Amino acid sequence: MPNYRLTLCYEGTRYRGWQKQGNTENTIQGKLEAALSRLLSEPIEVAGCGRTDAGVHAKEQVCSFRSQTPLDCEETLHALRSVLPEDIGAIALIEAAPRFHARLSCQSKTYCYRIRTSDTPDVFTRRFVLPYPGQLDVNAMRAAAAQLTGEHDFAAFCSLKNSKRSTVRTLRRIDFQESGDELRIYYTADGFLYNMVRILTGTLLEIGLGQREAAELSAILSSRDRAQAGFTAPAVGLTLWEIHYEE
C-alpha cells in the first residue's frame, strides 16, 4: 500500500495529548484518524513521531500512514484542512518511501519551552508561554545545561516509575534565547522520556532562581532518582518545535 508523510501543527490546550485513548476521543491522533478515515472511506491508523502530553503544543509534528488506494496529495490535504478542528492544522502531505515511519525514521527532535519573566499579563501568549515572574540567572542555567548534553541516563528526569525500557538518551544540545521578557529553551535529542523536557526545565528554573546550584546536575543524573530533580514545569509552555530526518 502507498505510504504517506503528513506534517501537522496544533494547539494542545484542550486535548488529552497526542496518543489516542480508550476513555476519550479528545486526542490529536484520535481526531486525525477519524478525519482521514471519513475522507478516504477506509480505516486509517497514523503513527506519530512523538507522543506529546496533554496541553502540549506542536509547531511541527510528523506522522505517517498507509492507504489502500493512491492519493492525490494536494486534493487530500485541502480536504483534510476543511474537516479538522481549527486548532489542528495540516501543513503538508507527500507520498513517502515505502519504509518511512514517522517515529522509527526520526533522527532527532527539538522541543521549545517558553517562559515569560514579566508580571505584566499578555493575553495573546497565555496558552503558549509559562508566566514565571522573577529575575532568572540565565548564565547559571546555561552552566547547568552544559552538564546535561551528551549521552546520559535520564531516569532522574522521567516521571515513569519502574519502566523496563532504557532511560538512556543523547541530549545533543540545549540552547537559550532571550528576547525582551521571554526566555526560550530549546532541547534537541535523539528521543525524550515521559515529562523529561518539563522536569529538565523545572530543574533549570530552580537553578535560575538560586534555589539550587548548577553543580548539582551531575549528582542528580548519577542518582537516577526522580525525587532529586526539580519540579515538573507546566505543559502550557512546551511546544514540539521541529522533527529531524536524514534526507
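Model, not experiment: these values are computed from the prediction. (Residues numbered from 1 in each chain as written. Predicted model: local features only at pLDDT ≥ 70, side-chain atom pairs only at ≥ 80, totals over all residues. Heavy atoms only, no water.)

1. Regarding the side chain of R212
- Tracing the backbone shows R212 in the loop between helix 4 (196–208) and helix 5 (216–223).
- Residue R212 is classed as buried on the basis of its relative accessible area of 15%.
- Separated by 2.8 Å, the side chains of R212 and E206 make a polar contact.
- Of note is the side chain of R212, whose polar atom sits 3.4 Å from the side chain of E216.
- Those residues in contact with R212 that lie beyond four places of it in its chain are T203, E206, I207, I220, Q228, A229 and G230. (Helix = DSSP H or I, 4+ residues; strand = E, 2+ residues; numbered from the N terminus. Buried < 20%, exposed > 50% of the residue type's maximum accessible area, 1.4 Å probe, protein only. Polar contact = N/O pair within 3.5 Å; in protein donor to acceptor, adjacent residues only side chain to side chain. Contact = heavy atoms within 4.5 Å.)

2. So, helix 5
- All of the buried residues along helix 5 are L217, I220 and L221. Mapping the buried residues of helix 5 onto a view down its axis gives an arc of 100 degrees, with all of them on the same face. Opposite the packed face of helix 5, turned more than 90 degrees from it, sit the exposed residues A219 and S222.
- In this fold, the buried residues of helix 5 make contact with helix 3 (138–146), strand 7 (150–153) and helix 4. (Arc of directions from axis to C-beta.)

3. Focus: unusual backbone geometry
- Phi is positive for S41, close to 55 degrees, though the residue is something other than glycine.
- On the secondary structure map, S41 appears in the loop between helix 1 (28–40) and strand 2 (47–48).
- What makes S41 exposed here is its relative accessible area of 68%.
- The backbone phi angle of N195 is positive, close to 65 degrees, even though this residue is not glycine.
- Of the residues examined, N195 reaches a relative accessible area of 11% and is grouped as buried.

4. Some remarks on the packing of helix 1 against helix 2 (residues 73–83)
- The geometry of helix 1 relative to helix 2 is characterised by a closest axis approach of 10 Å and an angle of 125 degrees between their N-to-C directions. Between helix 1 and helix 2, the crossing angle belongs to the class labelled oblique. When the axes of helix 1 and helix 2 are compared, the crossing they make is right-handed. On the side of helix 1, the interface is formed by L32, A35, L36, L39 and L40, while helix 2 contributes T76, A79, L80 and V83.
- A per-class count over the contact of helix 1 with helix 2 returns eight nonpolar, one polar and no charged. (Axes fitted to C-alpha atoms, helices over the stretch in contact; angles between N-to-C directions. Parallel < 35°, antiparallel > 145°, perpendicular 65-115°, else oblique. Left-handed = near helix turned anticlockwise from the far one by under 90°. Nonpolar A, V, L, I, M, F, W, Y, C, P; charged D, E, K, R; others polar.)

5. Considering the packing of aromatic side chains
- Considering all chains together, one arrives at seven aromatic pairs under this definition.
- Look at Y10 and W18: their rings are 6.5 Å apart centre to centre, the planes differ by 25 degrees, and that puts the pair in the stacked class. (Phe/Tyr/Trp six-rings, centres within 6.5 Å; stacked < 30°, edge-to-face > 60°.)

6. Let's talk about the state of the cysteines
- The full count for this structure, using the stated rule, is zero disulfides.
- Sulfur of C106: no disulfide; nearest cysteine sulfur belongs to C49 and is 3.6 Å away.
- Looking at C112, it has no disulfide partner, and the nearest cysteine sulfur is the one in C9, 15 Å off.
- On the accessibility criterion, C112 (0% relative accessible area) is buried. (Disulfide = S-S within 2.5 Å.)

7. What about the pattern of salt bridges?
- One pass over the full model with this rule turns up 13 salt bridges.
- In this structure, the salt-bridge partner of D122 is R116, at a minimum N-O distance of 4.0 Å.
- The buried category is assigned to R116, whose relative accessible area is 13%.
- With a closest N to O distance of 3.4 Å, R212 and E216 form a salt bridge. (Salt bridge = Lys/Arg side-chain N within 4 Å of Asp/Glu carboxyl O.)

8. Re helix 3
- Within the span of helix 3, buried status applies to V138, A140, M141, A144 and A145. Seen end-on, helix 3 carries its buried residues on one side only, within an arc spanning 155 degrees. In helix 3, those exposed residues whose orientation departs by more than 90 degrees from the buried face are N139 and A146.

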